[in-house]
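Working through the structure, step by step
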Amino acid sequence: MGINFLSFGSALPQGTVTNDDLSRMVETNDEWIYTRTGIKQRRVAVTESTVSLGTEAAKKAIEKAGIDKDEIDLVVCATITPDTNFPSTAGMVRQAIGLRDIPALDVFGTACAGFIYAVSVAQGLMATGGYKTALVIGAETLSKITDWTDRSSCILFGDGAGAAILGSGEGRGIISYHLDGINDVDGYLLCRLPSSDSPFYKGEKVDYTKMQMNGNKVFTFGITSVINGVRQMLAASGLTADDISWIVPHQANRRIIASAAHRLGIPEEKFYVNIDHVGNTSSASIPIALDEMTDKGLIKKGDKIIMVGFGGGLSAGSLLVEM
């Protein structure tokens, strides 16, 4: 028996922003956005927070796993939009759910690769630290760091959370994973914190704290990351693409997915895509997609699934699991 995904859960905020809504805020239109990204709408927080979305997704995952919440002995949360510097988002979700006093930690800064990183952290701790059941979350409220006046980036992002329960299950479970990264020397993705207000600080003053992105470079990095991630998982396992039931990539841009599929020679239909109605939800995108797939009955026992994430840092990660 291996470490497997026992269940998934997801949560989306109540607010919906369509492409037509954005066309009244910046110079754009539905056709321009959709043809370039595959996005029709995205969900945005109105009253929700990163913690509240993560809590809702986690509760659903616990319910779907059919376990008692006291069985959970580890919480790992990936996010780049925490509600507080500390305590951790994971710790606040732990308290909101009413879990026992157990370790809870955040994986911060890897952005859209965050869920893969969080799963790898949880798996490592389970393998070496004696933890039996882990709650892994990806939760984001990107709307609070999005520049809603920048038409090149504001069209992409949405809010949401996804969660998974990891535990002992039948079959091979997690077969392999690979984490990667390159130095972000050219500022592909950047979001600054406010300048220090210490009376002793004499350094650079920061007056812009919204997300900045070099779209062309991120696009190229995304395609390369998906291609490399799939190839790494196939090489590590000795499997072929025909053995894989689904590839679940980070939902950054429909054209990234299509281009990667074409270059890999794998039918695009094997890549699960839901970016049209949720947008890019960073670390939440892969678990949200997996929860949707489960609810639709698309994932069967024994299916082999490759997950691929890529994001800030620049970071990338891939994972192969037998469900």
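Here is a short report on the structure shown in this document.

Conventions adopted
Residues numbered from 1 in each chain as written. Predicted model: local features only at pLDDT ≥ 70, side-chain atom pairs only at ≥ 80, totals over all residues. Heavy atoms only, no water. Phe/Tyr/Trp six-rings, centres within 6.5 Å; stacked < 30°, edge-to-face > 60°. Helix = DSSP H or I, 4+ residues; strand = E, 2+ residues; numbered from the N terminus. Buried < 20%, exposed > 50% of the residue type's maximum accessible area, 1.4 Å probe, protein only. Lys NZ or Arg CZ within 6 Å of the ring centre and 35° of its normal. Pairing = 2+ DSSP bridges. Contact = heavy atoms within 4.5 Å. Salt bridge = Lys/Arg side-chain N within 4 Å of Asp/Glu carboxyl O. Axes fitted to C-alpha atoms, helices over the stretch in contact; angles between N-to-C directions. Parallel < 35°, antiparallel > 145°, perpendicular 65-115°, else oblique. Left-handed = near helix turned anticlockwise from the far one by under 90°. Core = buried A, V, L, I, M, F, W, Y, C linked by side-chain atoms within 4.5 Å.

Right, let's get into the packing of aromatic side chains. Inspection of every chain in the model, using the stated rule, returns three aromatic pairs. When the ring of Phe 221 is compared with that of Phe 310, the centres are 6.5 Å apart and the planes differ by 85°; the resulting orientation is edge-to-face. Of this pair, Phe 221 sits in helix H6 (residues 215-237) while Phe 310 sits in strand S12 (residues 304-311), and the two are 89 residues apart along the sequence. For Phe 310, a relative accessible area of 3% translates into the label buried. If you follow Lys 40 out to its NZ or CZ, it ends over the ring of Tyr 34, 4.9 Å from the centre. The side chain of Arg 151 reaches across the aromatic face of Trp 32, ending 4.7 Å from its centre.

Quick look at the pairing of strand S3 (residues 41-44) now. Here S3 shows one buried face, formed by Arg 42 and Val 44, and one open face, formed by Gln 41 and Arg 43. Pairing between strand S2 (residues 15-18) and S3: four bridges, direction antiparallel. Bridge pairing in S3 links Thr 16 to Arg 43.

Turning our attention to the environment of Ala 78. In this fold, Ala 78 is placed in strand S4 (residues 74-79). Put simply, Ala 78 and Gly 109 are 31 residues apart on the chain and 8.4 Å apart in space, counted from C-alpha to C-alpha. Sequence-distant contacts of Ala 78, that is, excluding residues within four places in its chain, are made with Val 107, Gly 114, Phe 115, Ala 118, Ile 137, Gly 138, Ala 139, Glu 140 and Ser 283.

Glancing now at the pattern of salt bridges. Scanning the model with the defined rule gives eight salt bridges in all. Linking Glu 56 and Lys 60 is a salt bridge whose minimum nitrogen-to-oxygen distance equals 3.2 Å. Residue Glu 56 and its partner Lys 60 are located together in helix H3 (residues 50-65), separated by four residues, close to a single helical turn. Residue Asp 291 pairs with Lys 64 through a salt bridge whose shortest N-O separation is 2.7 Å. In this pair, Asp 291 sits in helix H9 (residues 285-295) while Lys 64 sits in helix H3, placing the two residues 227 residues apart along the sequence.

So, about the packing of H3 against helix H4 (residues 89-97). Between H3 and H4, the shortest axis-to-axis distance is 9 Å and the interhelical angle comes to 60°. Considered as vectors, H3 and H4 are oriented oblique to each other. Every pair of crossing elements has a handedness; the one defined by H3 and H4 is right-handed. Packed against H3, whose contacting residues are Thr 50, Val 51, Gly 54, Thr 55, Ala 58, Lys 59 and Ile 62, the element H4 presents Thr 89, Met 92, Val 93, Ala 96 and Ile 97 at the interface.

Ranked by size, the top nonpolar core spans 41 residues in total, and within it Val 226, Val 230, Ile 244, Ile 247, Phe 271, Ile 306 and Phe 310 carry the most contacts. Among the secondary structure elements, those contributing two or more residues to this core are H6, helix H7 (254-264), S12 and strand S13 (315-322). The element best represented in this core is H6, accounting for eight residues. Apart from residues no more than four positions distant in its own chain, Phe 310 is found in contact with Cys 112, Ala 113, Phe 221, Gly 222, Ser 225, Val 226, His 250, Ala 252, Ile 256, Ser 315 and Ala 316. In this structure, Ile 3, Phe 8, Ala 164 and Ile 305 belong to the second largest nonpolar core, which totals 33 residues.

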